[in-house]
Amino acid sequence: MIYTVTLNPALDKTVEIPSFTTDGVNRITSIRTDPGGKGINVSKVVAALGSTSRVLGILGGSTGQMISEALSGLNMTCDFLPVEGNTRINLKVVDPIAHTSTEINEPGVPVDPATLQSLLDHLLRLLRHDDIVVLAGSLPVNAPADTYRVWGDACREKGAKVILDSDGAGMVEGVKAKPFLIKPNSEELSHLMGRALDSQQELTAAARELLQTGVQKVIVSMGSRGMLHVLPEQTIFVPGLRVPVKDTVGAGDAVIAALAVAEERGLTLEETLRLSTAAGAASVMCTGTQAASLETIQQLMEQVTYREL
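**Q** Where do I start with helix H3 (residues 113-126) in this structure?
**A** Given 3.6 residues per helical turn, the α-helix brings residues three or four places apart onto the same face. Taking 1.5 Å per residue as the helical rise, H3 with its 14 residues ought to reach 20 Å, and the 20 Å between its terminal C-alpha atoms agrees with that figure. Among all positions of H3, only Thr115, Leu116, Leu119, Leu120, Leu123 and Leu124 are buried. Among the structural elements, strand S1 (2-6), strand S4 (53-60), strand S5 (77-83), strand S8 (132-136) and helix H4 (147-157) are those in contact with the buried residues of H3. Capping the start of H3 is the job of one residue whose side-chain oxygen sits 3.0 Å from the backbone nitrogen of Ala114: Asp112.

**Q** Would you take a moment to explain the packing of aromatic side chains for this structure?
**A** One pair of aromatic rings is described through two measures. These are the centre distance and the angle between the planes. Tallying each qualifying case throughout the model produces zero aromatic pairs. It is Lys161 that lies over the ring of Phe180; its NZ or CZ is 5.3 Å from the centre.

**Q** Any chance you could explain unusual backbone geometry here in plain terms?
**A** Leave glycine aside and you will find that most residues have negative phi; peptide bonds, for their part, are mostly trans. Unusually for a residue other than glycine, Ser19 sits at a positive phi of about 55 degrees. Not every positive phi belongs to a glycine, and Asn142 is a case in point at roughly 80 degrees. In this fold, Asn142 is placed in the loop between S8 and H4. Under the relative-accessibility criterion, Asn142 is labelled exposed at 57%.

**Q** Looking at this structure, I do not really get the pairing of S4. What am I missing?
**A** On a regular strand, one side chain projects to one face of the sheet and the next to the other, so that they alternate. The buried count for S4 comes to seven of eight residues, which makes it a mostly enclosed element. As paired strands, S1 and S4 are joined by five bridges and run parallel to one another. Looking at the pairing, Tyr3 lines up with Arg54 of S4. In this structure, S4 lies alongside S5, joined through seven bridges in parallel fashion. Residue pairing in the sheet places Ile58 in a bridge with Leu81 of S5. Following the backbone out of S4, through helix H2 (residues 61-71) and into the adjacent parallel S5, one traces a crossover that is right-handed.

**Q** Is there a simple way to think about the pattern of salt bridges in this case?
**A** For the coordinates displayed, the defined rule picks out 15 salt bridges. Taking the shortest distance from any N to any O, the salt bridge between Lys92 and Asp12 comes out at 3.9 Å. Of this pair, Lys92 sits in strand S6 (residues 88-95) while Asp12 sits in strand S2 (residues 10-16), and the two are 80 residues apart along the sequence. Residue Lys92 shares its accessibility class with Asp12, and that shared class is buried. A salt bridge links Glu173 to Arg149; its shortest N-O distance comes to 3.8 Å. In this pair, Glu173 is assigned in helix H5 (residues 168-174) and Arg149 in helix H4, connecting sequence segments 24 residues apart. Residue classification places Glu173 among the buried positions, given a relative accessible area of 17%. One network of salt bridges, in which partners are shared, links Asp146, Arg149, Asp153, Arg156, Glu173 and Lys176.

**Q** Just checking my understanding: could you explain the confidence of the model for the protein chain for this structure?
**A** Predicted coordinates in areas of low pLDDT are best not read in detail. Scored by pLDDT, the protein chain has a mean of 94; 100% of the residues are at 70 or more. By mean pLDDT, strand S7 (residues 100-104) is the weakest element of the protein chain at 90, and strand S10 (residues 181-182) is the strongest at 98.

Reading guide: rules and limits
Residues numbered from 1 in each chain as written. Predicted model: local features only at pLDDT ≥ 70, side-chain atom pairs only at ≥ 80, totals over all residues. Heavy atoms only, no water. Helix = DSSP H or I, 4+ residues; strand = E, 2+ residues; numbered from the N terminus. Expected span 1.5 Å × (residues − 1). Buried < 20%, exposed > 50% of the residue type's maximum accessible area, 1.4 Å probe, protein only. Contact = heavy atoms within 4.5 Å. Polar contact = N/O pair within 3.5 Å; in protein donor to acceptor, adjacent residues only side chain to side chain. Phe/Tyr/Trp six-rings, centres within 6.5 Å; stacked < 30°, edge-to-face > 60°. Lys NZ or Arg CZ within 6 Å of the ring centre and 35° of its normal. Pairing = 2+ DSSP bridges. Right-handed = clockwise from strand over helix to strand, strands pointing away. Salt bridge = Lys/Arg side-chain N within 4 Å of Asp/Glu carboxyl O. pLDDT = per-residue confidence, 0-100.

Below you can see the structure in the form of structure tokens.
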């Protein structure tokens, strides 16, 4: 079973503004809203890939209700803990002329330690050996910096495989729990290691250092350049696919979803590489944080190439 955890969810509002400028008047040409937060985004793509997941998180107020209702018709089990306050709304500004995507994110609802512990206890009661737990996204206001380390340790002790995708303190502390897999981008990996990592060789060396700490797989996303899959026995480079880009937000979440599904299904390494790369590429072809269609992902899988370094 795949479990996704979203401690700081959001309602994602994506607007398209051609030639977006600061300190001036901008006119919106299109707008859409999607239930969001990295764990939720992962579950949406898991559903698109034909698998099921259980979504755990914290929702509050009318915005939280909108998120819950939007997810109710999808192939997932929603398991949210209600809290006081209103779940945040994040604004994403896409400029199709300049090919830019600007994110303006609210901080979210403050969450007390007792609420976090209650949700963790609930998850631990559900977990079985070899279940997959995706800990993804930012931490809510007031959450301890070591939240993902605590959750990661607890899930690993239950025999679950933890996939971690966060940044800042969430990633730094979460790695200490020796997750099964992490997926930093090049900037996040640089922050995690405390030094600039500019070349593919430097990124690979840093990922290999992390394998020595107990992490089993490090997937480094490098945007349009592609991904590095750094495994104990080998390192594989997968070039990015050339596709029409509408919105890059959520591409990393699509990759995580594909990696989780591949692990759950026991796919081969080649199948995993093709599925995860195609899922990420298909995501940038969509507006907002909607999941790409399975048909699009399957078509792109045929275009994936890779080589061992």
